Structure formats: structure tokens, C-alpha cells
Amino acid sequence: IIRPIAQASPYFLARLVEAIAPGQSAKDETLAALMHIFFAPNEESTWPVDHAWKAIRSAHLEELAHQKASDLLRNGKRPTLRALSTLASYAVERGKTEKRTRQPLWRTWFPDRGAQEVLRLLDITDSSAWSKEKYRGILLKQLCDSGYARLVASYWANHKAFFDEDVSAWAQVGRAFVSLRRKSKARRLLADWRDRTGVEMWAVTNYVLCLSALGASQLRETVSTCHDALIGLPHDQCAKYLMHRQAEAYALLGDTNGLFETYKQNRIYFNSKLDNGEWFDTRQRYLIADLPLMARLVQENNPKKYRRRLWSLRWKRISEKFQLPLIAGRRIKIRWIWIFFWALWMLLHFALNQ
């Protein structure tokens, strides 16, 4: 009864896919309904795509659906943002992409099957009339999530003009530079975040991650950036980290009043624990315990203990600069460095005495 009236509704079509997909007898009708959901005009809700795709996966029709959607994309059809994200995620899954923090360098020249498919989707997006929307950001996010930060950086280098108005893609490039530890490039790219519309707090957090805690000018920039982001942007999982970085910067600049006011006005963020879903740089989690204590020492007017804590904070920051690198996810132990140099010296000594 309702079908003639609601047949264009993605919500109705999602329920239809759920109902007819398990039978396999109406395969063509199922895929046709899914394509209407994937390519529904002006549809921003994620529910229809997610609900229908779950039914498609349960019926083991995902490969046929992916092929059909890819054909429509190549013919210029505009998908919903959620549909493109789903197709990219499935491409990585079917390509058996091993998700890592950073893929090895050789993968830049020889991406695996999943990354190649995402790059093909990126090429289709670039040649489409609807490319100026958030579509590039979705695909670059998928590459970043899979550890292909170098591919994202390379794409940016060859398509810089695309990023002037596409804030989602711009944010993913900043994320890629941070992952690659190219901090100066990340700072230059992300420094104009205030001039862009639609910037999210996590993107500003990537900028703050690239600001040093050992120089006065970058500490002042940290204070300014954290203050403006926390006041002007919707708070997300990074808000606690930015609040602590602002308080830390005040402390390292010698501004005890700034430290205490930040603590007093935002005590909800200084609860000495990390709540579920909140993000915090693992190397700096000592700030969660140290900064509330330092603020209380200011309140108690205990300069001796405060100075001791301040020097401890500075030393922790300095020691971060001398941490040894990670190999296969594990930090090199110092004894292996000494063993390496000892072996090198012995080989040199043997060679010179021959």
C-alpha cells in the first residue's frame, strides 16, 4: 500500500532491502533499491546506507553491489557522502589492506589492492562536477586510516589547488603530515585554520601537536590556538587535550595566573582521569595528573613545591626529544645501541690491524 507513495524515500528503500535481500530471488530489485539509496540526492542521513548495507552483507551481495555502484560512479552519478565512505571502506576490506600507523615506504610506489581502489575512487571524484564537496576528505581519511599518509601527502603536492576550499581534505593532509612527523609542513599548512570555515577541533589538535613546548614563541601560539579553538569550535574528543596544553603552555611561560585561571574555569576537564572516548597524546599523559596538582600549589601559595613540579614538567618535555625511535611497534632499548657501536668499533679495529 505504502510503496507507490514512499518508493523514493531512502528510509523506505532501506527497509525494503532488509526485507527482500535474504531471499536472493529478487537480487536485481535488491541492488536497484540499494543504488537508489547510495545515490539519493541531497540525503545527509547515514542510517539508510548503513541499514541497507548491513542487509546486503548478510545476504552476501556486497561484491555485486560494489561493482554496480562503481559503474554508476564512473558514469558520473553523485553518491551520498555515506555511500562513498562505505564503498571506500569495503574496497580496503576486500583488498585485505593491513591497517597500520604508517605503511612502509615501498607501499608508496606499490599500494595494495585496497589502496589502489581508493585512489581510483579519488580519480573519479576529481573528474566529477560534485568534487568540491566533502568527498575528497572521505577518501583521504580512508587512506590515512590505513596508514597511507605518504600517498595523501603526495596527492596534496600534485593537487594543491583542490584544498583551497575543501576543509575536510585539508584537515586530512594535516593529519598525514603529523603521522609522517613532518611538523614544519604541518604547521605551515594548518596555521591558517582560523580563516577556514568548518574546521573541526581534531584538526586544530594536529596543529597543536606540531607546536614545541620548548620555545616561547610557539608556547604563546599554543596558548592562543587552544584558547580560540576551545571558545570558537564545537568540543569533541580532543577538548581535554587542548585544555591541558593551554594550561601547560601558561606554566612553561611562567604565567602562574594563566595556569590557575584555566584550571579554575574549566575544572570539568581537569579531573585527573581520561574518560572513555577522550583522546590524549600518550607521550604526554603525565599532564593529566601534573597540571591539577600545580594549579592547587598556586592556589595554596606554595612556590617551593610549585617550582619543583615546574622543573619536573620541563625535564619531561626535554626528555621527549631524546626518546629512541620505534621499530616494529617497540622502542629500541639503549643497550642495543651500545652493542651496535661496540660491534662497529671492533670491526673497525680488526680492519685497521690487518
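Structure's up top.
Every value quoted in this text rests on a predicted model; they were computed, and no experiment measured them. (Residues numbered from 1 in each chain as written. Predicted model: local features only at pLDDT ≥ 70, side-chain atom pairs only at ≥ 80, totals over all residues. Heavy atoms only, no water.)

Trainee: Which residues make up the pattern of salt bridges, and what values go with them?
Mentor: One side chain can pair with another of opposite charge once the charged atoms of both are near each other. Counted by the stated rule, this structure contains 20 salt bridges. Note that R94 and E63 form a salt bridge whose closest N and O atoms lie 2.5 Å from each other. With R94 in helix α6 (residues 81–94) and E63 in helix α5 (residues 62–74), the pair connects residues that are 31 residues apart, well separated along the chain. Given the relative accessible area of 28%, E63 is considered partly exposed. The shortest N-O distance in the salt bridge between R283 and D281 comes to 2.9 Å. Classification of D281 by relative accessible area gives buried; the value is 6%. (Salt bridge = Lys/Arg side-chain N within 4 Å of Asp/Glu carboxyl O. Helix = DSSP H or I, 4+ residues; strand = E, 2+ residues; numbered from the N terminus. Buried < 20%, exposed > 50% of the residue type's maximum accessible area, 1.4 Å probe, protein only.)

Trainee: Please provide a residue-by-residue account of the nonpolar core, values included.
Mentor: Counting 102 residues, the largest nonpolar core has F38, L140 and W170 as the members making the most contacts within it. Sort the elements by how many residues they give to this core and helix α14 (residues 239–252) lands first, with nine residues. What W170 contacts, discounting residues up to four positions off in sequence, is F163, L189, L190, D192, W193, R196, V199 and A203. (Core = buried A, V, L, I, M, F, W, Y, C linked by side-chain atoms within 4.5 Å. Contact = heavy atoms within 4.5 Å.)

Trainee: Lay out the environment of F162 with the relevant residues and their values.
Mentor: Looking at the secondary structure, you find F162 in the loop between α9 (149–158) and α10 (167–179). Assessed through its relative accessible area of 29%, F162 is described here as partly exposed. Sequence-wise, F162 and L313 are 151 residues apart; in three dimensions their C-alpha atoms are separated by 42 Å. Ignoring anything within four residues of it in the chain, the contact list for F162 reads D126, R136 and Y155.

Trainee: Describe the packing of helix α2 (residues 10–20) against helix α4 (residues 47–58), listing the residues and the values that go with them.
Mentor: Where α2 meets α4, the axes come as close as 8 Å, and the angle between the chain directions of the two elements is 10 degrees. Here α2 is positioned roughly parallel relative to α4, judged by the angle of their axes. Contacts from P10, Y11, A14, R15, V17 and E18 of α2 reach α4 at W47, P48, H51, A52, A55 and I56. (Axes fitted to C-alpha atoms, helices over the stretch in contact; angles between N-to-C directions. Parallel < 35°, antiparallel > 145°, perpendicular 65-115°, else oblique.)

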